[in-house]
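# Residue-level structure breakdown
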Amino acid sequence: MVVMTTAAVPSTLQPYFDKGILAYTQGSYEYAIDLLTFVVKQQPDATEARRYLRLAVQKQYSQSPPSWLSQAIACVVSLPIRWAAAFSAMQGQPRKAVQLYEQLLSLQPRSRSLLLQLASNLTRAGLDDAALTTYEELLSMFPNHLPTLRQFARLAMKRGGDQQARQCFERIIGIVPNDLEAQQGIRNLDALGTIKKGFAA
């Protein structure tokens with residue numbers, strides 16, 4: 001699946017973004033993470049910076065996977081941050097929650113629940129492009145995860161990504177053939193397609 005639009009990196013942050021991309025392509029993932037994290041903190045809707053940041057984190061994790069002891073320590077250390085992130089989300093502070101979930105994902109980059117929470121709070125913060133890329137990341141790792149497929153389809157429809165939404169609904173039906181929401185979603189997309197053809201005629 002392809003994200004429909006991406007928010008540009010501001011010119012003031014472009015040098016950091018360019019250096020971050022260069023570091024990523026050269027395999028200097030730690031340096032890339034530092035640079036791209038700075039860009040994303042300054043400009044939360046810089047979608048490409050956020051996408052490459054997530055890729056760099058995943059690459060670094062794959063290159064140097066933590067031991068079971070390190071993972072256990074990360075789980076313990078992350079508990080207060082998890083509580084703070086959940087509290088921020090409940091208090092209607094999604095941007096603060098986003099920052100905290102990204103901090104957590106630096107410790108546990110392949111956590112399905114953390115990525116789902118990140119995507120959800122990006123949507124609440126109005127950062128739809130970044131949410132779409134996060135759902136795509138989730139689906140690249142967990143292609144049949146129903147909650148992710150549903151959320152991606154809903155957001156894609158909202159953004160006018162009818163083809164992406166249809167792909168998700170069809171995949172859901174492939175997993176749960178009698179899924180009512182997916183069936184209704186496809187009917188809605190068919191109706192929208194008919195209306196659009198009528199306007200184009």
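Residues numbered from 1 in each chain as written. Predicted model: local features only at pLDDT ≥ 70, side-chain atom pairs only at ≥ 80, totals over all residues. Heavy atoms only, no water.

This part covers the pattern of salt bridges. Scanning all chains against the criterion turns up 9 salt bridges. The partner of K158 in a salt bridge is D128, and the shortest N-O contact between them spans 3.3 Å. A residue pair is termed long-range when its members are at least 10 positions apart, and K158 in helix 8 (residues 146-158) and D128 in helix 7 (residues 128-141) qualify at 30 residues. The class of K158 is exposed, set by a relative accessible area of 58%. When its relative accessible area of 8% is taken as the criterion, D128 is described as buried. The salt bridge partner of R154 is E181, with a shortest N-O separation of 2.8 Å. Here R154, found in helix 8, pairs with E181, found in helix 10 (residues 180-200); they are 27 residues apart in sequence, far enough to count as distant. (Salt bridge = Lys/Arg side-chain N within 4 Å of Asp/Glu carboxyl O. Helix = DSSP H or I, 4+ residues; strand = E, 2+ residues; numbered from the N terminus. Buried < 20%, exposed > 50% of the residue type's maximum accessible area, 1.4 Å probe, protein only.)

All right, on to the nonpolar core then. Residues Y101, L118, L122, Y135, F152 and F169 are the most contacted members of the largest nonpolar core, which totals 34 residues. If you list the elements that add at least two residues to this core, you get helix 4 (68-90), helix 5 (94-107), helix 6 (112-124), helix 7, helix 8, helix 9 (162-175) and helix 10. Excluding residues that lie within four positions of it along the chain, Y101 makes contacts with A85, A86, L114, Q117, L118 and N121. With 17 residues, the next largest nonpolar core counts L13, A32, A46 and A56 among its residues. (Core = buried A, V, L, I, M, F, W, Y, C linked by side-chain atoms within 4.5 Å. Contact = heavy atoms within 4.5 Å.)

Per-chain confidence: the chain averages 89 in pLDDT, with 94% of residues scoring 70 or above. Under a pLDDT of 50 for its full length, residues 1-5 has, in the predicted model, 20 contacts with residues more than four places off or in other chains. (pLDDT = per-residue confidence, 0-100.)

Here the focus is the packing of helix 8 against helix 9. The contact between helix 8 and helix 9 brings their axes to 8 Å, and the two run at 155 degrees. The orientation of helix 8 relative to helix 9 falls into the category roughly antiparallel. The two elements helix 8 and helix 9 meet at a crossing, and its hand is left-handed. Of the residues in helix 9, those in contact with L146, L149, R150, F152, A153, A156 and M157 of helix 8 are Q164, A165, C168, F169, R171, I172 and I175. Of the residues belonging to the contact of helix 8 with helix 9, the class tally is 11 nonpolar, 1 polar and 2 charged. (Axes fitted to C-alpha atoms, helices over the stretch in contact; angles between N-to-C directions. Parallel < 35°, antiparallel > 145°, perpendicular 65-115°, else oblique. Left-handed = near helix turned anticlockwise from the far one by under 90°. Nonpolar A, V, L, I, M, F, W, Y, C, P; charged D, E, K, R; others polar.)

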